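Breakdown of the fold
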Amino acid sequence: MTSGEASPLLEFRQVNTHYGAVHILKDVDLSIYPGELVCLLGGNASGKTTTLKTLLGMVIPTSGEVLLNGEVVNGKPTSFRVENGVTMVPENRRLFKRLSVRENLELGAYLRNDRDGIEADMERVFGLFPRVKERIGQKAGTLSGGEQQMVAIGRALMSRPTVLLMDEPSMGLAPALVQQNFELIQQINDDGMTVFMVEQNANMALSIADRGWVLQSGAVVLDDTAEALLANPEMRAAYLGDDRAD
Amino acid sequence: MTATLAPSGSSVALDWRRALLWGGICALSLVSVSLIGLPVGMNKRILIEPVLSLGYLFLLWIPLVFGYVATTVVVLEGVEARKSGVADLLAGLTAGLMGGIGLTLLMVGLDTVNIRKPLVNWSPQLFRLLTFERGLEFGIPVWLGICAGLGLVGAVLHQLPAVARRVMSWVLFGVMAVAILEAVIDDLAEGFHLEWLTDALYYKKGGTEGLTVTSAVVLALVLAALPVVTGGRVKAAVDHYRDAPSEDRRRTSLVLFGAIAVACVGLPMILGGIVNELLANVGLFLLLALGLNIVVGLAGLLDLGYVAFFAVGGYTTSVLTSSNSPFFAPEWHFGIALLFVVVMAAVAGLLIGAPVIRMRGDYLAIVTLGFGEIVRLLFLSDWLKPYFGGSQGITKVNPVDIGPFKVQGSDPRSVFYLVLFFCALAIYVSWRLQGSRLGRAWMATREDEQVAEAMGINTVNAKLMAFVVGATMAAFSGAVLAAKVGSVFPKSFEILVSIIILVVVIVGGMGNIAGVMVGSLVLIGILGGPRQPGLLQEFQSYKLLIYGALLVFMMLKRPEGLVPSARRSRELHQDEYLQDAWLGDEAETEGDQGAPS
Ligand SMILES: Nc1ncnc2c1ncn2[C@@H]1O[C@H](COP(=O)(O)OP(=O)(O)OP(=O)(O)O)[C@@H](O)[C@H]1O
Ligand SMILES: [Mg+2]
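Not measured: the values here are computed from a predicted model. (Residues numbered from 1 in each chain as written. Chains lettered and ligands numbered in written order. Predicted model: local features only at pLDDT ≥ 70, side-chain atom pairs only at ≥ 80, totals over all residues. Heavy atoms only, no water.)

1. Observations concerning the environment of A:Gly145
Residues and elements named next belong to chain A. The following threshold applies: Only DSSP runs of H or I covering at least 4 residues are called helices, and only runs of E covering at least 2 are called strands; the numbering of each starts at the N terminus. Pairs of residues are marked as contacts when any of their non-hydrogen atoms sit within 4.5 Å.
With respect to the element layout, Gly-145 can be found in helix α6 (residues 145-157). Residues Gly-145 and Arg-93 lie 52 residues apart in sequence; the distance between their C-alpha atoms is 9.0 Å. Dropping the residues within four chain positions of it, Gly-145 is found in contact with Arg-93 and Leu-173.

2. Regarding the site of ligand 1
Residue and element names in this part refer to chain A. Selection criterion: A cutoff of 4 Å decides nearness: a residue is near a molecule or strand if any of its heavy atoms lies inside that distance of it. Think of a polar contact as two N or O atoms within 3.5 Å of one another; within protein, one of them needs to be a possible hydrogen donor and the other a possible acceptor, and neighboring residues in sequence only count if both atoms come from side chains. Computed by Shrake-Rupley with a 1.4 Å probe, the accessible areas treat only the displayed protein chains as cover when residues are assessed.
Near ligand 1 there are 13 residues, and of these Asn-44, Lys-48, Thr-49, Thr-50 and Glu-91 occur at the shortest range. Within the side chain of Glu-168, a nitrogen or oxygen atom sits 2.9 Å from an oxygen atom of ligand 1. In isolation ligand 1 has 640 Å² of accessible area, and contact with the protein removes 59% of it. Sorting elements by how many residues they give to the shell around ligand 1 places helix α1 (residues 48-56) first, with 3 residues.

3. Thoughts on the interface of chain A and chain B
Counted only if it meets this: Here the quantity called buried area is the total loss of accessible area, with a 1.4 Å probe, experienced by two parts when brought into contact, counted for both. One speaks of a salt bridge when a side-chain nitrogen belonging to Lys or Arg is within 4 Å of a carboxyl oxygen belonging to Asp or Glu. Classes in brief: Ala, Val, Leu, Ile, Met, Phe, Trp, Tyr, Cys and Pro nonpolar; Asp, Glu, Lys and Arg charged; the others, Gly included, polar.
Contact with chain A, which involves 30 residues of that partner, is made by 25 residues of chain B. Taking both partners together, chain A and chain B bury about 2600 Å²; carbon and sulfur atoms supply 55% of that area. Counting the surface chain A buries against chain B, the share from its top three residues, A:Arg94, A:Phe96 and A:Tyr110, is 24%. With a shortest N-O distance of 3.2 Å, B:Glu447 and A:Arg98 are connected by a salt bridge. Across the chain A-chain B interface, the total number found is 5 residue pairs in polar contact (both at pLDDT 80 or more). Every element with two or more residues in the side of chain A that touches chain B is listed here: α1, α2 (78-83), α3 (101-108) and α6 of chain A. Its residues placed into classes, the side of chain A that touches chain B shows 10 nonpolar, 8 polar and 12 charged.

4. Structural notes on the coordination of the magnesium ion (ligand 2)
All names here are of chain A. The test is simple: Note on donors: an N, O or S atom is included if it sits within 2.8 Å of the metal, or within 3.2 Å for Na, K and Ca, and water is never included, so sites can look incomplete. Exposure is judged per residue with a 1.4 Å probe applied to protein chains only, and the accessible area is read against the type maximum: over 50% gives exposed, under 20% gives buried, and values in between give partly exposed.
The coordination sphere of the magnesium ion (ligand 2) contains the protein donors Thr-49 (OG1) and Glu-91 (OE), at a distance range of 1.9 to 2.7 Å. You can see Thr-49 sitting in helix α1 and its partner Glu-91 sitting in the loop between β8 (86-89) and α3, a full 42 residues away along the chain. Among the residues examined, Glu-91 registers a relative accessible area of 25% and is labelled partly exposed.

5. Section: the environment of A:Ile118
Residues and elements named next belong to chain A. Tracing the backbone through its elements, the reader meets Ile-118 in helix α4 (residues 115-128). On the accessibility criterion, Ile-118 (14% relative accessible area) is buried. Sequence spacing of Ile-118 and Ser-159 is 41 residues, and the spatial spacing of their C-alpha atoms is 8.5 Å.

6. Considering the pairing of β8(A)
Looking along a regular strand, one sees the side chains alternate between the two faces of the sheet. Residue and element names in this part refer to chain A. The condition that has to hold: The criterion for strand pairing is that DSSP finds at least two bridges linking the strands in question.
Residues of β8 alternate between two faces, with Val-86 and Met-88 on one and Thr-87 and Val-89 on the opposite face, all of them buried. Of the strand pairs in this sheet, β8 and strand β9 (residues 163-167) are connected by 4 bridges, and their pairing is parallel. Bridging from a neighbouring strand, Met-88 pairs with Leu-165 of β9.

7. Brief notes about the pairing of strand β12 (residues 219-225) of chain A
Residue and element names in this part refer to chain A. In this sheet, β12 lies alongside strand β11 (residues 211-216) in antiparallel orientation, the contact comprising 6 bridges. Looking at β12, one finds that Leu-215 is bridged to Val-220. Taking the residues between adjacent antiparallel strands as the criterion, β11 and β12 are bridged by 2 residues, where Ser-217 takes a positive phi near 45°.

8. Observations concerning the packing of helix α14 (residues 273-298) of chain B against helix α22 (residues 459-485) of chain B
All names here are of chain B. The test is simple: Here an angle of 0 to 180 degrees is reported between the N-to-C directions of two axes, which are lines fitted to C-alpha atoms, with helices fitted over the stretch in contact. Working rule for angles: under 35 degrees goes down as roughly parallel, over 145 as roughly antiparallel, 65 to 115 as roughly perpendicular, anything else as oblique. In this scheme the crossing of two helices becomes right-handed for a clockwise turn of the near helix relative to the far one and left-handed for an anticlockwise turn of less than a right angle.
α22 packs onto α14 with a crossing angle of 165° between their chain directions and a minimal axis gap of 6 Å. Classified by the angle between their axes, α14 and α22 sit roughly antiparallel to one another. Pair α14 / α22 crosses with left-handed handedness. The residues of α22 that touch α14, namely those facing Glu-277, Ala-280, Asn-281, Leu-284, Leu-287, Leu-288, Leu-290, Gly-291, Ile-294 and Val-295, are Ala-466, Val-469, Gly-470, Met-473, Ala-474, Phe-476, Ser-477, Val-480, Leu-481 and Lys-484. Classifying every residue of the contact of α14 with α22 by side-chain character gives 14 nonpolar, 4 polar and 2 charged.

9. What to know about the pattern of salt bridges
Counting across every chain of the model gives 18 salt bridges over all chains. Across the pair A:Arg211 and A:Glu36 runs a salt bridge whose closest N-O atoms are separated by 2.6 Å. Of the two residues, A:Arg211 is situated in strand β11 and A:Glu36 in the loop between β4 (28-32) and β5 (37-42); the sequence distance between them amounts to 175 residues. Put simply, B:Glu373 and B:Arg376 hold a salt bridge, and the shortest N to O gap is 3.0 Å. Pair noted here: B:Glu373 and B:Arg376 are both in helix α17 (residues 361-380), with a separation of 3 residues, about one helical turn.

10. Looking at the domain arrangement of chain B
All names here are of chain B. Cut-off, in case you're wondering: Where each domain begins and ends is defined by an automated method or by a domain database.
Segmenting chain B into domains produces domain 1 (1-159), domain 2 (162-232), domain 3 (267-564) and domain 4 (566-597). Each partner contributes to the interface: domain 2 provides 7 residues, whereas domain 3 provides 9 residues. Taken over both partners, the interface formed by domain 2 and domain 3 buries close to 760 Å², and the fraction arising from carbon and sulfur atoms is 76%. Linking domain 2 with domain 3 are 0 salt bridges, by the criterion used here. At the surface where domain 2 touches domain 3, the tally comes to 0 residue pairs in polar contact (both at pLDDT 80 or more). Per-element accounting of the side of domain 2 that touches domain 3 gives the leading share, 5 residues, to helix α9 (residues 182-192). Classifying every residue of the side of domain 2 that touches domain 3 gives 5 nonpolar, 1 polar and 1 charged.

So this is what it looks like as structure tokens:
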């Protein structure tokens, strides 16, 4: 899917971030092209979520540049990036638990003003997840885990994104659902959405991804196509082996 | 005991331990209510001349309720429910009797030892009240009899059909309400020129209040006849409203709302001073509660220093409209002062909001609590005395001049209309905000701040806006207070105000405008505000106790408030429905997983 010509949709150039004095991301370079399905792998506390938050403007880099559609957006607020097509499905789904499913979806479209377009997109979400429609008036906190995942993805789609950031989409789902979930991501990507996914489940993620990076203590240690990463002995030992032990 | 008494058909025996436990709690309740001083304190308030005073009522309801509770049949799914029978009646009797024993012990104690030092209500008056001034030998058997009897009645209630139970409680509450609300009913009757009715209804001799025995009986019969006449149509209408599609419900709500609005505008014309004064107080606190409802209910910011904004509104108005303001007394018109009230409220909202905006939950509560006190102490301080008058406050606030009318404390009706105007405004604003984009941003921020931010919501702005809107409503209330009382003192802005408004919001239902309205009407109207007497002036000294008890009860039993929003109650219904659906789901997945392996 990668097209050599096109310019990246999202890009990190030598990005460094700190929480207080603690150095988290270290000279990270990333580039995500339109239509790609890419993944970021890494162990606990390696800085994966931080990467996503930096892309979304919730963490401000201390040095380096974040580019969106070729434009430096370091100083731009989250709302700007959401308006320009970046959306995140947060770790653990994090729905607004005491609000209804409908309200959750509406909040996904918070920055939009086109009522008709919002309604149409809601119908599109219902088309993707008929179950969500059945549960439309229910409090989101009372949904089952699988249903919550559907609403979380639906909520993200409601902002009509061009790139979907997904933080560990398979976390906390039953094995059967994990498989289903990855198929869904692949389908969303096939429909033209750029997807940037953070995962610990390296085997699964690489089986559907085009390219991937491996993050270790905040630094990118591997940057390659999915096949190459799957074949990489270093990678096998560090991540894929772990996976099987699970 | 159980074996012999339990009817042979029952599958689960009556739990005697539970009955005894409730009996013990019944006894404890009776003794503690007595020692709190409620019976003696309320004994002067006659409900039915000459047989029942409010003081006795406080004792009598206890064995009745515990007799009922002790014999409630627990229904568990899948377990055949116990058939209630003779054993239950005995259990109710026992629970009541144990209450009577508690009172007996209390009477004997009162008679033999004197521990009045720590317990102020361990008094001869209590003894006289409990023994009906006829000594122990009369008091003990009578109370044992009364309590056991009421416990038995409580148990019998379970045996009656539900309709009969509903009619009985309706009659009981109705008669008590008519007796307790005598002052309001009097006031209303005067307005409608129905004095003959109240003259017939109430005793009214030598300044004593209360129904007569005859009128109580007649009233009970009339009340009992009402459900028969309406034939359950009221309940059907309520049920219909509840299940109606949201469109219809909306329309009904609008009609209801219109009716209330008409009543609010029309009634005060015919109402007397007492009720108008009460309503004005209700309005003042409703305005405060609506503001706090936005801050706490919608935006989820637990602001315990909310009274600060009330004070800012009151002092701004006083300084600008009083002839007696120590430093700067332009004596402007109230309307012009209001503009500055809005500005000052917004500034105060930002000043207090900005430093705490990054804090969450408990930290926010503690810091705002501090700010609330700081504001009061500043107004009280010697340092600012040249500007705000210290503890003497600012007096001689000019009445509000609106064309032919003057709003001042001596005319409660005018105050009510002024406050009504602000309340209407606040209700409208709250209602519009709730459904607005800002309202949604508040709710999202309340639920999960980080995710709200990820959706592109500027949570800092949203929270500051909540502070500013809430502060403005509180400041308006303060402005009206200044005009009503004609002065402001730091004493009017104690921390208790914040707490009571919070209780009003919680009891009414957080994030629910109708709930907040009901909460203010019930709590402020009946019990009274921190310094304002309510309808039941006798409760004055027990007000905080009742507020506290109510808060605990609501948090435990009904956290959604008195008036759960339509959506919430639907959700509760859905919870049940969901449970079934969920169980069905699990069965399915189990089946799925079972097949391949
Ligand atoms: N708000 C914060 N303040 C201080 N330190 C933080 C903060 N958020 C994250 N960190 C730290 O930054 C490091 C990277 O965190 P991050 O959430 O990016 O990890 P991750 O790769 O997503 O891990 P996981 O797979 O467990 O989710 C961790 O050591 C974490 O403790
Ligand atoms: Mg993470």
